[in-house]
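Here is what each chain is made of, one letter per residue.
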Amino acid sequence: MTLAETQASFHALATRADFLPAAAEDFLLGSPELPAEERIGIYADMYLWRLADALREDYPKLAGLLGDERFLPLAEAYAREHPSDRPDLGQFGRHLPTFLRRFPAPERADLGDLAALEWARAEVFFEEPATPIARDALVALGPDAFLAARLDLVPALRILVLDNDAAAVWRRLEEGDPGAAPVAGATAVAVWRAGFEVLHAPVGLDEARALEIARAGEPLPNVCAAFQHREDPVRAAFAAVASWLDEGWIAAISRG
Amino acid sequence: MAFTRKLIGHGIGLRTKHFARYLAEPPPVDWVEAVSENFMAPGGRPVAVLEKVRRDVPVVLHGVSLSIGSTDPLSESYLGELAELAGRVEPAWISDHLCWGSHGGRYAHDLWPLPYTEEALRHVVARVQRVQEVLGRQILLENISSYVAFRASEMEEWEFLAEVARRADCGILLDVNNVYVSARNHGFDPHAYLAAIPADRVGQIHLAGHSDRGRYLLDTHDHEVPAPVWDLYRETVLRLGPVSTLIEWDDHIPPLESLVEESRQAAAIEAEVLAPRLRRAMP
């Protein structure tokens, strides 16, 4: 058996793969008190536990909501579908929101949205720092420059558009309601970091659209156009952009 | 080809639980060891803490995902990130484990043992040389705890470790707890292991605790250093002389003071073991 064949066989056993190129006894040494199959089983148990722990760290509210009894089988099923493909264990869980939407739990369909919120929180925690600009920068722009100006949003900001109010479920879990019921209805949430603290808050669906337009690098008038269905679109757009500045979501205003 | 041991004293691992303390005051130890992968992110609290700590005390980088023994290609992007991190942190040295943990592009995030064969030896040596070329420095490789051995092995683990260090011209991070755990799990003599390690290649020592699962010991790093491991440490220091030593906890991490106390215990043992030698050296 070559080194590559040995590792393929070991990997299959330690990850409890469906296809096993070799039995443990064929290439591993055991002892009467601890046979080879049990020894490789130690690795197989640790493999699952380590991946489940990584998910638990990134998805604490989801893990709490499901409890170990349901979270561990979820982790196992997810690891089979999305085995870790990066050296950084912190990236292992990045497909979980999509996985939960593709294979929703029979009793509630909002877990993918809750996971999306938690993953966004995990992501912004490690994002590149940026110094936000103050509200004065917008005032200093002047009306001519305004038409061509573009907003550079800080890296540590995510905008989520969800089918369920995951932020409400998150809050109830945070407040100690272990079985927080789903809250249906489309919502948008902004997730950002202030200093070392990760925050999130609901935003209007049109505001979320405006932020996405800004993120795409379109000029300010296009960003403001997202508020055109409001009663006073100009005032709404101004209030939104001012609040983005106040929250520290804008790193720069580029003049065209 | 040579390896120069750097003496920076007795340190502890940089763990999230103690981040607030490190932001407020310098670590009360000689140096700290940071798990490389935990600090490769572009920002956030961990990066800020490491930036602060490296201004206070020497830092070493200890990786868990190099997968030096894997038959997968070396991850050039990982090596690039590691080189970039080393450029920022300027660690006293960089280490990882003599093991593998990825196959077919999939990472187990575990430290899996190698068969101790000439084929594996040649494979690992070539990869260590490539890593050292990219990083522009020698690395240290740590012996792991293991629970299974391979029928194909042609030499003992300690022979394999020594030969990797010699042929690749790298250093050894000698984990005394891992020697003890593997000795119990495989039934070999830990004293023979320690006696066979080339003294001039050892750049660092790890000390840790483990869990007794009855029929085997599990390397959990969630207990204090137990008495048999302290005894092996004494023996190691007596043979090797002073070596930079780290107290390593990865789970159920106690208050900072407990880690510092264990680190001081290691320093006291080293001083006690080496004192007679120093006295003899006086004119």
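Basis of the calculations
Each chain carries its own residue numbering, running from 1 in the direction its sequence is written. Throughout, the order in which chains and ligands are written sets their labels, letters from A for the former and numbers from 1 for the latter. Residues qualify for local features only when their pLDDT is at least 70, as the model is predicted, and side-chain atom pairs are given and counted only at 80 or more; totals for whole chains, interfaces and linings, by contrast, use all residues. Secondary structure is summarised from DSSP: a helix means a run of H or I of at least four residues, a strand means a run of E of at least two, and numbering begins at the N terminus for each. In this setup the radius of gyration rests on C-alpha atoms only. A globule is expected at 2.2 Å times the number of residues raised to 0.38. Whether a residue is buried, exposed or partly exposed follows from its count of other C-beta atoms within 10 Å of its own C-beta, namely 20 or more, 12 or fewer, or something in between, respectively; the C-beta atoms are built from the backbone. Once C-beta atoms are placed from the backbone, any two residues with those atoms within 7 Å are in contact. Any residue outside Ala, Val, Leu, Ile, Met, Phe, Trp, Tyr, Cys, Pro, Asp, Glu, Lys and Arg is labelled polar, Gly included; the first ten of those are nonpolar and the last four are charged. Strands qualify as paired when DSSP identifies two bridges or more between them. A set of buried Ala, Val, Leu, Ile, Met, Phe, Trp, Tyr and Cys residues, joined to one another through C-beta atoms within 7 Å, is what we call a nonpolar core. As annotated, the domain borders come from an automatic or database domain assignment. To get an axis, fit a line to the C-alpha atoms, keeping to the stretch in contact for a helix; angles then go from 0 to 180 degrees between the N-to-C directions. To estimate how far a helix should extend, the number of its residues minus one is multiplied by 1.5 Å. Arc definition: directions from the helix axis to the C-beta atoms.

Asks: How should I be thinking about the overall build of chain A in this particular structure?
Replies: Secondary structure summary: chain A contains 12 helices and 6 strands in total. Against the 2.2 N^0.38 benchmark of 18 Å for 256 residues, chain A shows a C-alpha radius of gyration of 24 Å, more extended than a compact globule. Along the three orthogonal principal directions, the C-alpha set of chain A runs to about 85 × 40 × 30 Å. Classification of the 256 residues of chain A by burial places 39% in the buried group.

Asks: What should I look at first to understand the overall build of chain B in this one?
Replies: Counting its regular elements, chain B contains 9 helices and 13 strands. Taken along the three principal axes of its C-alpha coordinates, chain B extends 50 × 50 × 45 Å.

Asks: How should I be thinking about the interface of chain B and chain A in this particular structure?
Replies: A common way to report how large an interface is uses the accessible area buried once the components associate. Contact with chain B, which involves 34 residues of that partner, is made by 37 residues of chain A. Listed by contribution, the elements that provide at least two residues to the side of chain B that touches chain A are α2 (45-56), β5 (100-103), β6 (106-112), α4 (118-135) and β8 (149-150) of chain B. Residue composition of the side of chain B that touches chain A, grouped by class: 17 nonpolar, 10 polar and 7 charged. In terms of strand pairing, strand β1 (residues 28-29) of chain A meets β8 of chain B through 2 bridges, oriented antiparallel. Paired with Leu28 of chain A across the bridge in β8 of chain B is Phe150 of chain B.

Asks: Which parts of the structure should I look at to understand the nonpolar core?
Replies: Soluble globular proteins: nonpolar side chains tend toward being buried together. By size, the foremost hydrophobic cluster in this structure holds 154 residues, and its most contacted members are Leu117 and Val189 of chain A together with Val164 and Leu207 of chain B. Shared between two domains, this core holds at least three residues of each, these being domain 1 (1-103) and domain 2 (128-256) of chain A. Beyond its immediate chain neighbours, meaning those up to four positions away, Val189 of chain A contacts Leu117, Leu160, Leu162, Ala166, Ala167, His200, Pro202 and Val203 of chain A.

Asks: Would you mind going over the sheet that holds strand β4 (residues 94-97) of chain B with me for this structure?
Replies: Backbone hydrogen bonds hold the strands of a sheet together, and the pairing may be parallel or antiparallel. Residues and elements named next belong to chain B. Taken together, 8 strands build a closed barrel; the order of strands is β1-β2-β3-β4-β7-β9-β10-β13 and the barrel is parallel. Sheet twist, expressed as the mean angle between neighbouring strand axes with direction ignored, is 30°. Two elements, strand β10 (residues 202-207) and strand β13 (residues 245-247), share 3 bridges in a ladder whose sense is parallel. By the bridge assignment, Ile205 is partnered in β13 with Thr245.

Asks: How do you make sense of the sheet that holds strand β4 (residues 184-194) of chain A when you look at a structure like this?
Replies: Residues and elements named next belong to chain A. Strand order in this open sheet of 3 strands is β3-β4-β5, and the pairing throughout is antiparallel. What marks the edges here is a single partner per strand, and that holds for β3 (157-164) and β5 (197-203). Looking at each pair of strands side by side, their axes are set apart by 25° on average, direction ignored. Of the pairings in the sheet, the one linking β3 to β4 comprises 7 bridges and is antiparallel in character. Bridge pairing links Ile159 to Ala190 in β4. Helix-sheet contacts for helix α6 (residues 111-125) involve β3, β4 and β5, and the interaxial angle to β3 is about 175°. Against the sheet, helix α10 (residues 205-215) engages β3, β4 and β5, with an angle of about 140° to β3.

Asks: Help me understand the pairing of β5 of chain A in this model?
Replies: Note: β4 of chain A against β5 of chain A, 7 bridges, orientation antiparallel. Bridge assignment links Ala194 of chain A to a residue of β5 of chain A, and that residue is Glu197 of chain A.

Asks: Looking at this structure, how should I read the pairing of strand β9 (residues 171-175) of chain B?
Replies: The side chains of a regular strand alternate, residue by residue, between the two faces of the sheet. All names here are of chain B. Buried residues dominate β9, accounting for 5 of its 5 residues. The alternating pattern of β9 places Gly171, Leu173 and Asp175 on one face and Ile172 and Leu174 on the opposite face, and all of these are buried. Relative to β9, strand β7 (residues 139-142) runs parallel, the two being bridged by 3 bridges. For Glu142, the partnering residue across the bridge sits in β9 and is Leu173. Here β9 pairs with β10 via 4 bridges, running parallel. Its bridge partner being in β10, Ile172 is matched across the sheet by Val202.

Asks: It is not clear to me how the environment of Arg21 of chain B should be interpreted in this structure. Could you clarify?
Replies: In this structure, Arg21 of chain B sits in helix α1 (residues 19-24). Linking Arg21 of chain B and Leu256 of chain B, residues 235 residues apart in sequence, is a C-alpha distance of 8.4 Å.

Asks: What is the right way to read unusual backbone geometry from this model?
Replies: Across residues other than glycine, the phi torsion is negative in most instances, and most of the peptide bonds are trans. All names here are of chain B. Within the chain, Ser67 stands out as a residue other than glycine whose phi angle is a positive 55°. Its location among the elements puts Ser67 in the loop between β3 (59-62) and α3 (76-89). According to the C-beta neighbour criterion, Ser67 is buried, with 26 such atoms within 10 Å. Residues other than glycine seldom take positive phi values, yet His221 does so here, at roughly 55°.

Asks: How should I be thinking about helix α8 (residues 227-240) of chain B in this particular structure?
Replies: Residues three or four positions apart in an α-helix share a direction because the helix packs 3.6 residues into each turn. Residue and element names in this part refer to chain B. Here α8 contains 14 residues, and its C-alpha end-to-end distance of 20 Å stays within 8% of the 20 Å for a straight helix at 1.5 Å per residue. Within α8 the residues assigned to the buried category are Val229, Leu232, Tyr233, Thr236 and Val237. Along the long axis of α8, the arc covered by the buried residues comes to 140°, so they all point the same way. Phi for Gly241, located one or two positions after α8, is positive at around 80°.

Asks: Got a minute to help me understand the environment of Ala122 of chain A in this structure?
Replies: Within the secondary structure layout, Ala122 of chain A lies in helix α6. Counting along the chain gives 64 residues from Ala122 of chain A to Asp58 of chain A, while the straight-line C-alpha distance between them is 6.0 Å.

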